[in-house]
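Spelled out from the first residue to the last, the chains are:
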Amino acid sequence: MPKTNQSVADRSLLSLTWPIFIDLFFIFMINVTDAWFLSRISDSAAASVGAVMPILGIAFALYSTLHQGGSSVASQRIGAGDHKKLATTYGALFVILLFGGMFLTVMMFSFAPTFAQWMGLNDSMADMASIYLKTIGMGTWILAIRFAAAAILTSQGKTHWNMWSTFVMTVVNIVFNYLLIDGKFGFPALGVQGVAYASVIAWAVSLCFTLVIIIRHLKINVALPKSWSLFKKDSAPILKISMPSVLEPMSWQLTQILMTVMIVTMGELALATRIYSFNLLFTAILYGFAVSAGVQIKVAHYIGAKRFDDAHKQLILGLKLGVVGAMFFCLHFISFLRSAICAIYREC
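Residues numbered from 1 in each chain as written. Predicted model: local features only at pLDDT ≥ 70, side-chain atom pairs only at ≥ 80, totals over all residues. Heavy atoms only, no water.

A. Quick peek at the overall build of the protein chain. Tallying secondary structure elements over the protein chain gives twelve helices and zero strands in all. Each helix and strand of the protein chain, placed in order from N terminus to C terminus, yields the pattern α-α-α-α-α-α-α-α-α-α-α-α. Against the 2.2 N^0.38 benchmark of 20 Å for 348 residues, the protein chain shows a C-alpha radius of gyration of 21 Å, consistent with a compact globule. By principal-axis analysis of the C-alpha atoms, the protein chain measures approximately 55 × 50 × 40 Å. Long-range contacts, defined as pairs at least 24 residues apart, comprise 80% of the intrachain contacts of the protein chain with a sequence gap of at least 6. Surface summary for the protein chain: the accessible area is close to 17,100 Å², and the carbon and sulfur share equals 71%. (Helix = DSSP H or I, 4+ residues; strand = E, 2+ residues; numbered from the N terminus. Rg over C-alpha atoms; globule rule 2.2 N^0.38 Å. Contact = heavy atoms within 4.5 Å. Areas by Shrake-Rupley, 256 points an atom, 1.4 Å probe, with all protein chains shown as cover.)

B. Structural detail: the pattern of salt bridges. This model, assessed by the stated rule, comprises three salt bridges. Here D182 ties to R40 by a salt bridge, and the two come within 3.4 Å at their closest N and O atoms. Of this pair, D182 sits in the loop between α6 (159-181) and α7 (192-217) while R40 sits in helix α1 (residues 13-41), and the two are 142 residues apart along the sequence. Relative accessible area serves as the criterion here: at 43%, R40 is assigned to the partly exposed category. Between D310 and R307 there is a salt bridge; the shortest N-O distance is 3.0 Å. (Salt bridge = Lys/Arg side-chain N within 4 Å of Asp/Glu carboxyl O. Buried < 20%, exposed > 50% of the residue type's maximum accessible area, 1.4 Å probe, protein only.)

C. Focus on α6. Spanning 23 residues, α6 covers 33 Å between terminal C-alpha atoms, matching the ideal 33 Å at 1.5 Å per step. Just beyond α6, the residue with positive phi is G183, at close to 80 degrees. (Expected span 1.5 Å × (residues − 1).)

D. Region of the structure containing the confidence of the model for the protein chain. Within the protein chain, residue pLDDT values average 83, and 92% of them lie at 70 or more. For the protein chain, the element scoring lowest by mean pLDDT is helix α10 (residues 268-281), at 70; α7 scores highest, at 93. Across residues 1-6, confidence stays below pLDDT 50; counting only partners more than four residues off in sequence or on other chains, it has 13 contacts. (pLDDT = per-residue confidence, 0-100.)

E. The arrangement of a nonpolar patch on the surface in detail. A surface patch of nonpolar side chains, about 520 Å² in accessible area, is lined by L98, F99, M102, W141 and W228. Of the residues forming the nonpolar patch, the biggest block, three residues, is contributed by helix α3 (residues 83-118). By the secondary structure assignment, L98 is in helix α3. Overall, the relative accessible area of 31% leaves L98 in the partly exposed class. (Patch = residues over 30% accessible without salt bridge, like charges linked within 9 Å, V, L, I, M, F, W, Y side chains within 5 Å.)

F. Focus on the side chain of S72. Assignment of secondary structure puts S72 in helix α2 (residues 43-80). Overall, the relative accessible area of 8% leaves S72 in the buried class. Those residues in contact with S72 that lie beyond four places of it in its chain are I241, Q296 and A300.

G. Region of the structure containing the packing of α3 against helix α8 (residues 228-245). Taken N-terminus to C-terminus, the directions of α3 and α8 make an angle of 80 degrees; their axes are 9 Å apart at the nearest point. In terms of orientation, α3 and α8 fall into the roughly perpendicular class. Together, T88, T89, A92, L93, V95 and I96 of α3 and F231, D234, S235, I238 and L239 of α8 make up the contact between the two elements. Taken together, the residues of the contact of α3 with α8 break down into seven nonpolar, three polar and one charged. (Axes fitted to C-alpha atoms, helices over the stretch in contact; angles between N-to-C directions. Parallel < 35°, antiparallel > 145°, perpendicular 65-115°, else oblique. Nonpolar A, V, L, I, M, F, W, Y, C, P; charged D, E, K, R; others polar.)

H. Quick look at unusual backbone geometry. Positive phi outside glycine occurs at F185, with the angle close to 55 degrees. Its location among the elements puts F185 in the loop between α6 and α7. A positive phi angle, near 55 degrees, is found at K219, a position not held by glycine. K219 sits in the exposed class, given a relative accessible area of 61%.

I. Representation of the nonpolar core within the structure. Counting 73 residues, the largest nonpolar core has Y63, L97, L121, Y132, L133, I136 and L271 as its most contacted members. If one sorts the elements of this core by residue count, α2 sits on top with 15 residues. Once residues within four sequence positions are removed from consideration, L271 is found in contact with A47, A51, L121, M125, T260, I263 and V264. L16, A290, A293 and I297 belong to the second-largest nonpolar core, a separate cluster that totals nine residues. (Core = buried A, V, L, I, M, F, W, Y, C linked by side-chain atoms within 4.5 Å.)

J. Just α3, in detail. If you look at α3, its biggest bend is around 70 degrees, right at F111, and the proline P113 turns up within four residues after that. Just downstream of α3, G120 is the residue with a positive phi angle, here 90 degrees. (Bend = angle between axes of the 7 residues up to and from the residue.)

K. Geometry of the side chain of T170. Position of T170 among the secondary structure elements: in helix α6. Within the structure, the side chain of T170 is placed 2.8 Å from the backbone oxygen of T166, a separation counted as a polar contact. For T170, the contacting residues outside a window of four places in its chain are F26, M29 and I30. (Polar contact = N/O pair within 3.5 Å; in protein donor to acceptor, adjacent residues only side chain to side chain.)

The following block contains the structure:
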């Protein structure tokens, strides 16, 4: 393992954070472009898919939390110079996320119609939501492994490679949305299902790109567990961090499910409006996510190196930067909305 990784803790927060911010921006663009392509089919299609997105959000929350837990443990290993256990930590993280991904794949594929009914959808909207969730559910295990691969790069401080991986994913997603929705250049016209296939293909390409960077370019060693006892030993630190942490994002996703169920009763237009506006709202929280991820990397490296005072100072600094920046973006977003309403109604 390259010894230069020891310097990650001493890099500036900005050098770690700006690629994460761009990475998150590309993810935001995927949501926006999917919503736009769905709106080209119909507002009903956008509303139907948007209604079941909190179900997919549960998978994202689980994968993201395991990603953060694995990245934190690996960063501590690097900070402590324990490169022998680092490879087995990466291997355990891959296995954990693969198991989690396969479980959610089975759940989404098997119970997609049931989930659509739970969200209060019926008739054609329920059919479109079920087709989307079943199709994208078949590939969610690919996304899980992609999160594991991204955690390796994050722990190494190579956040710029995750940024490029997400950029590739965004481009592939847009291209296949264009090809599969209306059936361009001989491709089948799949409509809503085409949007789901575009996402799965984009995840697969992004995963391949990330694995090539890890294995061929950076030559990072990943050792899969050779026995159940070794797997339990190597996965315990990851799960110790991840399992308590998963409660917060899971509770938020459950809140979104309840809100969506209530909005469904207001009609198709209200549901579509909620989906479009929620995608815009995501811009206000990109900064906070990026800062928190950058701080997490540095703090984990400091703790591994037993530089606890530096870890505490970095945590407080990150908290201040996060609060101030989030307030700025939120106020700017509110101001933008006020200007838009004034333009529409010609009064303030």
